[in-house]
Amino acid sequence: QVQLVESGGGLVQAGGSLRLSCAASGRTFSTVIMAWFRQTPGKEREFVAGINWSGGNTYYADSVKGRFAISRDNAKNTLYLQMNSLKPEDAAVYYCSTSSRSNRVVTYSYMYDSWGQGTQVTVSS
């Protein structure tokens, strides 16, 4: 099991930027797939971006492609999500996750077995 703690959420105006971080501990960090999901009340958790163990392969939801960038620093056991040109529809609780069930990025939340507590992102119009 991997323990995950997100930070960096907050309130930002539309068009602004935020950088989320996810600190990992426990199981060997560098060997798993990692991803960011987001969720708003009454909706299912939605895949945002994922990255493989080396950081060489990334995958994004169409809704954030070109605006968000996922990265990881295995030496620091930390996952990042740089969010630019934020829109009101990006507002959600953002969750960091890891998967030991896949060797490539997948978008289904049931494939991820460790989750953080979430960090709130609010975007004002």
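Residues numbered from 1 in each chain as written. Predicted model: local features only at pLDDT ≥ 70, side-chain atom pairs only at ≥ 80, totals over all residues. Heavy atoms only, no water.

Novice: What is the right way to look at the overall build of the chain in this model?
Specialist: Counting its secondary structure elements, the chain contains 0 helices and 11 strands. Sequence-ordered secondary structure for the chain, helices as α and strands as β, is β-β-β-β-β-β-β-β-β-β-β. A compact globule built from 125 residues would reach a C-alpha radius of gyration of about 14 Å, and the chain, at 13 Å, matches this within 12%. Sorting the 125 residues of the chain into buried and exposed places 44% on the buried side. Long-range pairs, those at least 24 residues apart, make up 57% of the contacts in the chain with a sequence separation of at least 6. Put simply, the chain has 12 plus and 8 minus side-chain charges, and the middle of one group is 4 Å from the middle of the other. (Helix = DSSP H or I, 4+ residues; strand = E, 2+ residues; numbered from the N terminus. Rg over C-alpha atoms; globule rule 2.2 N^0.38 Å. Buried < 20%, exposed > 50% of the residue type's maximum accessible area, 1.4 Å probe, protein only. Contact = heavy atoms within 4.5 Å. Lys, Arg positive; Asp, Glu negative; His and termini not counted. Charge placed at Lys NZ, Arg CZ, Asp CG, Glu CD.)

Novice: Just to check I follow, could you spell out the state of the cysteines for this structure?
Specialist: What we call a disulfide is simply a covalent bond connecting the sulfur atoms of a pair of cysteines. Applying the stated criterion across every chain, the model contains 1 disulfide. Disulfide pairing is shown between cysteine 22 and cysteine 96; the S-S distance is 2.1 Å. Taking the torsion about the sulfur-sulfur bond, which here is approximately -75°, the covalent link between cysteine 22 and cysteine 96 counts as left-handed. With cysteine 22 in strand E3 (residues 18-26) and cysteine 96 in strand E9 (residues 92-99), this pair connects stretches of sequence that are 74 residues apart. The buried category is assigned to cysteine 22, whose relative accessible area is 0%. (Disulfide = S-S within 2.5 Å.)

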